[in-house]
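# Remarks on the overall topology
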Amino acid sequence: MQKMRQTNPAELALGLPSPSSLAIWWNGGSILGLLLVLQILTGLFLSMHYTADMINSFSSVIHIIRDAPMGWLFRNFHANGASLFFVFLYLHIGRGLYYQSYINHPHTWMVGVSIFLVSMGTAFLGYVLPWGQMSFWGATVITNLVSAVPYWGPSMVEWIWGGFSVSQPTLNRFYSLHFIMPFLIAGLSLLHLVFLHEKGSSNPLGNLNHLAKIPFHPYFTWKDSVGFVLVFIVLSLLCFFYPTLLGDPENYNHASSMVTPVHIQPEWYFLFAYAILRSIPSKLGGVVALLMSIVILYFLPLAGTKKTMASSFIPFYQVTFWGLVVTFVVLTWLGACPIEEPYATLAVPISIMYFMFYVVLIGFPSVWSYLLTSEYKELSEMST
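Keep in mind the model is a prediction, meaning the values are calculated, not measured.

Right, let's get into the overall build of the chain. A tally of helices and strands in the chain yields 14 helices and two strands. In the chain, which comprises 384 residues, the share counted as buried stands at 45%. Of the contacts made within the chain by residues no fewer than 6 positions apart, 78% connect residues no fewer than 24 positions apart. Of the roughly 20800 Å² of accessible surface on the chain, 72% is carried by carbon and sulfur atoms.

Pasting the structure below:
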C-alpha cells in the first residue's frame, strides 16, 4: 500500500479555499498580525535598554533615542506602530459590524473582542513606561477609577499601586505585565483564526454559502503583501517625518507628582471611552459606562439570527452603522476637548446615542428576519 502523503499545515493554510469576492476590508486581520509581530520585536529590543526605575526610566528612554544604535528607529516604530495597530483594529471591528460577521462567527467575534480588551490594557501599561508627565498622571487617573468599586475599591487601588500612590512598585508591575500581555494577544489571535477556519471567511454578501472559492495562495497572499507594503510606507512616513504627531507634548517632561498637567487625557485611541466616562457625573456610573462601551460588543452575537441577505444592502442598517461611526468620531474629538462648555454638555447625548446604536444593531437582525418571514407567509397564503 502506498503511504498517504502527510499534508503540511503551511500547505493547508496556503491552499485554504476562500471566497473569490473578498474585498480589501478583509486585509485587516493579516495587517494586524504583522503589526503585532512588529510590536513584539521592537518591544523586545527596547526592553534591553529600558530601566524600570522612577528616577531613571525617563532618562533611559532618552538614552534609547539618542545613544543606542538605531534606538530612535525602534522607539518610533514601537510608539507609532501602536497607533497604527489600533487604526486597523477599529477598521477590522468596523468591517465586522458592517457585514454582521458576529452572526455567522459568534465565537470568532467573542475572541476578537477579548483581543481588543487585552490590547487596550497592554497599550495603557505601555503608555505609563516612559514616565513622562502624561504617563504618570494618566496612570494615576485611570487606576483611581477602581476606587469606584463599593467597599473594596480603595484597597484594590492600593493593591494595584503597591503603595499609597503611583510609585516604583507600580512601574515594576506595569513593565512586567506590558512585556507578557502581547504574548497573550498572540495566543488569542491563534484561537481567533482557529474559530474562523471552522466555517471559513464570510464575504460581502454576508453569508457562508460560497458558490465560487479560490485557493488562498497565490491570490490573497499577494493581496495581503500589497497591504503590508502600504502599511510600511505609512509607518515609515510617520517614523521618519512625523514621529511625534500622534503623541502628547506633555509626555516629553519628566513625571512630577507636584505639577498637574492642565488637561489630562489618554492616547487618541482611548478618547471615545474617556469622553463617555467624563459625561456621567457619578464616578461609579462613569466607570460602568466606560466598561460597557467595550463590553457591549460581546452582546452583538445575541442577535443570533441567520441572515437571509446582507444587511449592508438595507438602507436603515447602513444609516445605523454610519451613525455609530460618526458618534465614535465625535466622542473621540470630545475626549480631547477640555472639560468645559459646550463640550461637557454635548458629550451626554452623544454618549447615549453611542449605546442606542448598538441596541439597534443587536435587535435589527431579529426584527428584519421577522418582517421577511411575515411577508413570505403572506405571499404563500395569497398564492394558495
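That shown, we press on.
The subject of this paragraph is the nonpolar core. By size, the foremost hydrophobic cluster in this structure holds 90 residues, and its most contacted members are Phe-86, Leu-97, Phe-116 and Tyr-358. Residues lining this core come from more than one domain, with at least three contributed by each of domain 1 (16-261) and domain 2 (265-383). When near neighbours in sequence (up to four residues on either side) are disregarded, Leu-97 contacts Tyr-102, Trp-109, Leu-300, Tyr-317, Phe-321, Leu-324, Tyr-358 and Leu-361.

Our next topic: the packing of helix α2 (residues 28-47) against helix α4 (residues 71-98). The contact between α2 and α4 brings their axes to 9 Å, and the two run at 155 degrees. Taken together, the axes of α2 and α4 are roughly antiparallel relative to one another. Between α2 and α4 lies a crossing whose hand is left-handed. On α4, the residues that touch Gly-28, Gly-29, Ile-31, Leu-32, Leu-35, Leu-36, Leu-38, Gln-39, Thr-42, Gly-43, Phe-45 and Leu-46 of α2 are Gly-71, Phe-74, Arg-75, Phe-77, His-78, Gly-81, Ala-82, Leu-84, Phe-85, Phe-88, Leu-89 and His-92. Of the residues contributing to the contact of α2 with α4, the split by class is 14 nonpolar, nine polar and one charged.

On to the packing of aromatic side chains. Scanning all chains against the criterion turns up 29 aromatic pairs. With a centroid separation of 6.4 Å and 65 degrees between ring planes, the pair formed by Tyr-90 and Trp-268 is classed as edge-to-face. One end of the pair, Tyr-90, is in helix α4; the other, Trp-268, is in the loop between α10 (216-241) and α11 (271-278), with 178 residues separating them in the sequence. According to the relative accessible area criterion, Tyr-90 is buried, its value standing at 16%. Accessibility expressed as a relative area gives 26% for Trp-268, which makes it partly exposed. Aromatic side chains Tyr-98 and Tyr-99 sit 4.9 Å apart centroid to centroid with 85 degrees between the ring planes, which places their arrangement in the edge-to-face category.

Each neighbour pair has its own omega, and for Glu-341 with Pro-342 the value is 5 degrees, a cis peptide bond. Within the secondary structure, Pro-342 sits in the loop between α13 (315-336) and α14 (343-383). Positive phi values are uncommon outside glycine, yet Trp-131 reaches one of about 60 degrees. Mapping Trp-131 onto the fold places it in the loop between α6 (106-128) and α7 (133-144).

Among the surface-exposed residues, Met-70, Trp-72, Val-226, Val-229, Leu-230, Ile-233, Leu-237, Phe-240, Phe-241, Tyr-242 and Leu-245 lie close enough to one another that they form a single nonpolar patch of about 1100 Å² accessible area. Among the elements that take part in the nonpolar patch, α10 stands out by supplying seven residues, more than any other. Looking at the secondary structure, you find Tyr-242 in the loop between α10 and α11.

Between two packed helices, both the angle of their axes relative to each other and the distance between the axes serve to describe the pair. At their nearest, the axes of helix α3 (residues 57-66) and α4 sit 5 Å apart, and the two run at 115 degrees to each other. In terms of their interaxial angle, α3 and α4 are classed as roughly perpendicular. Residue-level inspection shows Val-61, Ile-64 and Ile-65 of α3 in contact with α4, the latter providing Gly-71, Trp-72 and Arg-75. Split into classes, the residues belonging to the contact of α3 with α4 amount to four nonpolar, one polar and one charged.

Residues three or four positions apart in an α-helix share a direction because the helix packs 3.6 residues into each turn. With 28 residues, α4 should reach 40 Å at 1.5 Å per residue; the first-to-last C-alpha distance of 40 Å fits that figure. Maximum bend of α4: about 25 degrees, positioned at Gly-81. Counting buried residues in α4 gives 23 out of 28 residues, a clear majority hidden from the surface. Count one or two residues on from α4 and you reach Gln-100, which has phi positive near 55 degrees.

Right, let's get into the environment of Asp-53. Here Asp-53 is to be found in the loop between α2 and α3. For the pair Asp-53 and Trp-131, spaced 78 residues apart in the sequence, the C-alpha separation amounts to 9.1 Å. Asp-53 has contacts with Gln-168 and Leu-171, leaving out every residue within four places of it along the chain.

Scoring rules and cut-offs
- Residues numbered from 1 in each chain as written.
- Predicted model: local features only at pLDDT ≥ 70, side-chain atom pairs only at ≥ 80, totals over all residues.
- Heavy atoms only, no water.
- Helix = DSSP H or I, 4+ residues; strand = E, 2+ residues; numbered from the N terminus.
- Buried < 20%, exposed > 50% of the residue type's maximum accessible area, 1.4 Å probe, protein only.
- Contact = heavy atoms within 4.5 Å.
- Areas by Shrake-Rupley, 256 points an atom, 1.4 Å probe, with all protein chains shown as cover.
- Core = buried A, V, L, I, M, F, W, Y, C linked by side-chain atoms within 4.5 Å.
- Domains from an automatic or database assignment.
- Axes fitted to C-alpha atoms, helices over the stretch in contact; angles between N-to-C directions.
- Parallel < 35°, antiparallel > 145°, perpendicular 65-115°, else oblique.
- Left-handed = near helix turned anticlockwise from the far one by under 90°.
- Nonpolar A, V, L, I, M, F, W, Y, C, P; charged D, E, K, R; others polar.
- Phe/Tyr/Trp six-rings, centres within 6.5 Å; stacked < 30°, edge-to-face > 60°.
- Patch = residues over 30% accessible without salt bridge, like charges linked within 9 Å, V, L, I, M, F, W, Y side chains within 5 Å.
- Salt bridge = Lys/Arg side-chain N within 4 Å of Asp/Glu carboxyl O.
- Expected span 1.5 Å × (residues − 1).
- Bend = angle between axes of the 7 residues up to and from the residue.

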